[in-house]
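Descriptive structure summary
Listed here are the chains, written in short residue letters.
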Amino acid sequence: MTALSGAAVGVLGGLIGLGGAEFRLPLLIGVFGFLALQAVILNKAMSLLVVATALPARILGVPLDQIVPHWPVIVNLLAGSLVGAYLGASWATRMASRTLYRVLAGLLVVIAGVLVATHLAQTPPIGLTGPAQIVAGILAGVAIGVVAAIMGVAGGELLIPTIVLLYGIDIKVAGSLSLAVSLPTMLIAFARYSQDKSFAVLAENKTFLVVMAAGSVVGTIIGGALLGVVPAAVLVPLLAVLLLFSARKVWQHQ
């Protein structure tokens, strides 16, 4: 059950070129019965494992010589996302459980909206340059860091469209750049969560963590191989509806 759930999450994410952590979070809460903060910490740990596994494969698909010239983009976003990750994790550990459930539900709705907007709409780069672009990158990084920390996700669903729209970079290269931003951002949030007593959920559920993460990695590979098989016009609305349904369940969770 655990491995299959992880694989299903990975397939869903892989079908749209993501890791699927936004689909894993509602499962951890609604199916496996973890409390909100425990689910977020578990989700963050699994996201770290999935991203660490995805990096070597991504380098094979997009060589380093295509990524290195864009190092200013990575630095620009990290200047905001590292701060946002620390703030987001700090806020999550201080929220009342009921409040955190509702914040998570709201963020799932936001992710559903971003999913539809970025996969179905053709939006050109916004055309900012110079200092304006740098400031926008830092602010976007802060917001993405906060959301990624609170949800326990890598943040690719927000980072990739931001990189494409703000810097005008090809979406394939943007996927690799998002991983370069995600990994240190997640480590900061993870370090902050390690100071909370709920972090013990990892030690208490080591087997569950490893099995579900392994299932997610396998599922992501399968989903990636099937990328484009299901038309985006059909797949994306279905996934958005699934996120909205999950948001409703998380909102109502006690």
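Preceding this paragraph is the structure being described.
From a predicted model like this one, the values you see are computed outputs, not experimental measurements. (Residues numbered from 1 in each chain as written. Predicted model: local features only at pLDDT ≥ 70, side-chain atom pairs only at ≥ 80, totals over all residues. Heavy atoms only, no water.)

1. Details of the overall build of the protein
Operational definition: Numbering of helices and strands starts at the N terminus; helices are DSSP runs of H or I of at least 4 residues and strands are runs of E of at least 2. Partly exposed describes any residue whose relative accessible area lies between the buried limit of under 20% and the exposed limit of over 50%, with all areas from a 1.4 Å probe on protein chains only and scaled to the type maximum. The contact criterion used is simple: two residues touch if any of their non-hydrogen atoms lie within 4.5 Å. We treat Lys and Arg as the positive residues and Asp and Glu as the negative residues; His and chain ends play no part in the count. Here the site of a charge means atom NZ of a Lys, CZ of an Arg, CG of an Asp or CD of a Glu.
Helices and strands together make up the secondary structure of the protein, namely 12 helices and 0 strands. Traced from its N-terminal end to its C-terminal end, the protein shows the element sequence α-α-α-α-α-α-α-α-α-α-α-α. Overall, the protein is about 45 × 40 × 30 Å in size when its C-alpha atoms are taken along their principal axes. Buried residues in the protein amount to 49% of all 254 residues. Considering only residue pairs separated by 6 or more positions, the protein has 84% of its internal contacts joining residues 24 or more positions apart. Measuring between centres, the 12 positive side-chain charges of the protein sit 12 Å from its 6 negative side-chain charges.

2. Structural notes on the side chain of S246
Along the chain, S246 falls in helix α12 (residues 232–252). Note on S246: relative accessible area 12%, which makes it buried.

3. As for helix α7 (residues 130–151)
In an α-helix, one turn spans 3.6 residues, which is why side chains three or four residues apart end up on the same side. Here is the rule we go by: By this rule the span expected of a helix is its residue count minus one, scaled by 1.5 Å.
Between the first and last C-alpha of α7 there are 32 Å, a value that for 22 residues agrees with the 32 Å anticipated at 1.5 Å per step. Turning to α7, its buried residues are Q133, G137, A140, G141, I144, G145, V146, V147, A148, A149, I150 and M151.

4. So, the nonpolar core
What tends to happen in soluble globular proteins is that the nonpolar side chains get buried as a cluster. Here is the rule we go by: Remark: nonpolar core denotes a set of buried residues (Ala, Val, Leu, Ile, Met, Phe, Trp, Tyr, Cys) joined through side-chain atoms within 4.5 Å.
Core analysis: the biggest nonpolar cluster contains 69 residues, and L42, L104, M151 and Y193 have the highest contact counts within it. In terms of residues, this core owes the most to one element, helix α6 (residues 97–120), which gives 9 residues. Aside from chain neighbours lying at most four places away, what touches Y193 is L37, V40, I41, G88, A89, A92, T93, A149, I150 and F199. Core analysis: the next-biggest nonpolar cluster, separate from the first, contains 5 residues, L48, A154, L179 and M186 among them.

5. Focus: the packing of aromatic side chains
Operational definition: Here the aromatic set is Phe, Tyr and Trp, taking the six-membered ring for Trp, and pairing holds for ring centres within 6.5 Å; pairs whose planes are under 30 degrees apart are stacked, those over 60 apart are edge-to-face, and all others are tilted. Any Lys NZ or Arg CZ found within 6 Å of a ring centre and within 35 degrees of that ring's normal is scored as a charge over the ring.
Overall, the coordinates contain 3 aromatic pairs when judged by the stated rule. An angle of 70° between the planes, with centres 5.0 Å apart, marks the rings of F32 and F208 as edge-to-face. Taken together, the residues F32 in the loop between α2 (21–30) and α3 (36–61) and F208 in helix α11 (residues 206–225) connect sequence positions 176 residues apart. A relative accessible area of 14% places F208 in the buried class. Seen from their ring centres, F190 and F199 are 5.2 Å apart, and the 70° between their planes marks the pair as edge-to-face. The ring of Y86 has R192 sitting right over it, with the charged end atom 5.9 Å from the ring centre.

6. Comments concerning the packing of α2 against α12
Quick note on the threshold: Lines fitted to C-alpha atoms define the axes here, with helix axes fitted over just the stretch in contact, and angles between the N-to-C directions of these axes take values from 0 to 180 degrees. Left-handed describes a crossing whose near helix is turned anticlockwise from the far helix by less than a right angle; the clockwise case is right-handed.
The contact between α2 and α12 brings their axes to 10 Å, and the two run at 35°. For α2 against α12, the interelement crossing comes out left-handed. Here α2 contributes E22, F23, P26 and I29 to the contact with α12, which in turn contributes L239, L242, L243, S246 and V250.

7. Quick look at the packing of α6 against helix α8 (residues 156–167)
For any two helices packed against each other, the geometry is given by the interaxial angle and the distance between the axes. How we decide: Under the scheme applied, nonpolar residues are Ala, Val, Leu, Ile, Met, Phe, Trp, Tyr, Cys and Pro; charged residues are Asp, Glu, Lys and Arg; polar residues are all the others, including Gly.
Interhelical geometry of α6 versus α8 gives an angle of 40° and a closest axis separation of 10 Å. Classified by chirality, the crossing of α8 by α6 is left-handed. Residues I111, V114 and T118 of α6 form the contact with α8, whose participating residues are E157, L158 and P161. Grouping the constituent residues of the contact of α6 with α8 by class yields 4 nonpolar, 1 polar and 1 charged.

8. What to know about the environment of L202
Along the chain, L202 falls in helix α10 (residues 200–204). For the pair L202 and L42, spaced 160 residues apart in the sequence, the C-alpha separation amounts to 6.5 Å. When sequence neighbours within four positions are dropped, the list of residues in contact with L202 reads I41, L42, A45, F190 and L209.

The values are spatial; any link to function lies outside them.
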